[in-house]
Structure formats: structure tokens, C-alpha cells
Amino acid sequence: AEARAALDAAVVRVAQDTNPRDAANVAWAFATLGLMPGAEARAALEAAVVRVGPDMNPQNVSTTLWSVLSLAATRAVPLPAYYPSLWQAACGFEERSFNRVEISMLFHAYLIHTELVGGVARGEVTFPPWIMHQAREAWMYSARDDVTVSSAVKEIASILGDLGIRNEVERLTDDG
């Protein structure tokens, strides 16, 4: 609780001077920690994203979208008012503007939106026209081919195999 209070206080203190990368990184930090920002921190971060949003690059947009959707899906954090404008910003970029990680993150955000939180989105959301092809392919690659399995997991899988227990270390569902 003390660490979260310190994080919230830091966000409130620096938000007005935040650049696009820092705003995206703060959103990402809350999402990866699984923490819902306090009311003051959330308001400060929202104001910062609204202010720097027009200057966000593809990395900032994909990181922020993934972050707000992750918190919405896992912690029931309400989607911010600026949420539709992030998707609009993504639409303003060409697919090739995103690297493989960024475009995968963007498609993951799209999946979270369509499967988990789409009904609570504020305003009309428009997705990039290329998201169902190029972004999906990049995400499928990262889920299928860009997977690192630890030696401990490989060893456990081998032991299970030696015992005759059928198992899969990594597996995609039929729909990817």
C-alpha cells in the first residue's frame, strides 16, 4: 500500500510535465503491476495523455492502448474518456509504422476490447483497417513462433513425457 501511494503521488507530481513516452510508460507500469491508479493519479494521467496524445508515436499508442485495456479487463478500471482517440491515432498510422512487438500489442489490445470490454467503451471506436490481417499475423507469430520456454518447463515436460503423460508446453487454440 505504501509503494502504491508513493507511485500515485509521483504520477500526480510529474504528470503535467510528462512527454508521450513517459505517459505511455506510466500507464504500462500500472498495467503490468496490476494496480488501479488512485483517483488523483488516474485524473493526472488522463490529463497528461490528453495533452500529449497528438504527439504520440506508434509505440506510445500501442503501449497505452494495451495498458488501459489490460486494467479494464483485469481490474475493472473504467476506460478513460480519451480511449476512442487512441484508436483514432492508431488509425492514423500505417501498419508498417509499428514494429512487430508494437503491432502485436495493438492486436492484443484489439482482442481485449472485442472479447472482454467492448461493451463499456466510451464513444465510438474505430479500428485500423489493417488490424485483422497484418496485426493478427504479427500477434500469431509472437504467440506461435516467438516463444521462449524455460529449461525448467522443458525438463518438466520431458519428465511427464517419460511417465507417459501426454502434455503440451505451449499450445494455440484452434482460432489462434
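(A) Focus on the confidence of the model for the chain. Per-residue pLDDT for the chain averages 85, and the proportion of residues at 70 or more is 84%. Ranking the helices and strands of the chain by mean pLDDT puts helix H3 (residues 39–52) first, with 96, and helix H7 (residues 131–144) last, with 71.

(B) Broad picture of the nonpolar core. Counting 38 residues, the largest nonpolar core has Met56, Leu65, Leu69, Leu79, Tyr83, Trp87 and Leu106 as the members making the most contacts within it. Taken together, the elements giving at least two residues each to this core come down to helix H2 (20–33), H3, helix H4 (58–75), helix H5 (83–91), helix H6 (100–117) and H7. The element that contributes the greatest number of residues to this core is H6, accounting for eight residues. In this view, Leu106 contacts Ser62, Leu65, Trp87, Ala90, Phe98, Trp130 and Ile131; residues no more than four positions away in its chain are not counted.

(C) Region of interest: the side chain of Ser70. By the element assignment, Ser70 lies in helix H4. A distance of 2.8 Å separates a polar side-chain atom of Ser70 from the backbone oxygen of Trp66. Ignoring sequence-local partners within four residues, the contact set of Ser70 consists of Ala31, Arg75 and Ile112.

Criteria and cut-off values
- Residues numbered from 1 in each chain as written.
- Predicted model: local features only at pLDDT ≥ 70, side-chain atom pairs only at ≥ 80, totals over all residues.
- Heavy atoms only, no water.
- pLDDT = per-residue confidence, 0-100.
- Helix = DSSP H or I, 4+ residues; strand = E, 2+ residues; numbered from the N terminus.
- Core = buried A, V, L, I, M, F, W, Y, C linked by side-chain atoms within 4.5 Å.
- Buried < 20%, exposed > 50% of the residue type's maximum accessible area, 1.4 Å probe, protein only.
- Contact = heavy atoms within 4.5 Å.
- Polar contact = N/O pair within 3.5 Å; in protein donor to acceptor, adjacent residues only side chain to side chain.

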